[in-house]
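Examining the three-dimensional arrangement
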Amino acid sequence: MLQIAISAAFMVGLFKLFESKNKKHDLAEIDWWVGAAVVAVPAFIVFFLRTALAEKLGVFLIPIALATYFLVPFFYFKNMLEYPAKMAALYSVFVPVVVVIVEIIFMVLLVSAKG
C-alpha cells in the first residue's frame with residue numbers, strides 16, 4: 001500500500017505538471033484520488049492475475065501487467081473523465097514508467113534491508 005501511495009503521489013505531481021502546461025482545455029481536475037485510482041486499480045488487477053494464472057502465464061505476465069498499467073488509466077481518463085484520446089494516452093503512458101521506477105526503489109530497499 002505504501003508503494004501505491006508513493007506512486008500515486010508521483011502521478012499527481014506529473015499530472016499537475018501536464019495540467020499547468022495545458023491550460024487551453026476545460027477538463028476535470030486531477031487530484032489525489034485520481035492518482036491513487038490509476039495506480040491501485042491496475043495493481044489489484046495484476047495481483048489477481050498473478051495469483052490466479054502465474055503458473056500458466058509465466059514470463060508473459062510482464063507485458064500483460066505493463067499493458068494493464070497503460071490501458072486501465074487510459075480508459076479511465078478517456079471515458080470517465082472525458083479527456084481527449086491524445087491527452088488520455090499522454091497521461092497514461094507515464095503510469096507504467098512511474099510504477100516500475102517505484103518498484104525498483106522498493107526492491108533495492110528490500111535487498112539492502114535484508115543484507
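Just above, that's the structure.
Let me begin by describing the structure that accompanies this report. (Residues numbered from 1 in each chain as written. Predicted model: local features only at pLDDT ≥ 70, side-chain atom pairs only at ≥ 80, totals over all residues. Heavy atoms only, no water.)

Turning next to helix α2 (residues 32-57). The end-to-end C-alpha distance of α2 is 33 Å, clearly below the 38 Å that 26 residues give at a rise of 1.5 Å each. Taking the largest bend as the criterion, α2 deviates by roughly 55°, centred on threonine 51. All buried positions along α2 are accounted for by Val34, Gly35, Ala36, Val38, Val39, Ala40, Pro42, Ala43 and Val46. Where α2 ends, the next residue or the one after it, glycine 58, has phi of about 60°, a positive value. (Helix = DSSP H or I, 4+ residues; strand = E, 2+ residues; numbered from the N terminus. Expected span 1.5 Å × (residues − 1). Bend = angle between axes of the 7 residues up to and from the residue. Buried < 20%, exposed > 50% of the residue type's maximum accessible area, 1.4 Å probe, protein only.)

Right, let's get into helix α1 (residues 2-21). For α1, with 20 residues, the first-to-last C-alpha span of 29 Å sits near the 28 Å given by 1.5 Å per residue. All of the buried residues in α1 are Ile4, Ser7, Ala8, Met11, Val12, Phe15, Phe18 and Glu19. All buried residues of α1 fall inside an arc of 145° around its axis, so they share one side. Turned more than 90 degrees from where α1 packs its buried face, Leu2 and Lys21 sit exposed. On the buried face of α1, the contacting elements are α2, α3 (61-80) and α4 (85-114). (Arc of directions from axis to C-beta. Contact = heavy atoms within 4.5 Å.)

Let us look at the side chain of serine 92. Structurally, serine 92 is set in helix α4. The class for serine 92 is buried, based on a relative accessible area of 0%. If we ignore the near neighbours within four places in the chain, the residues touching serine 92 are Tyr69, Phe70, Pro73, Phe74 and Phe77.

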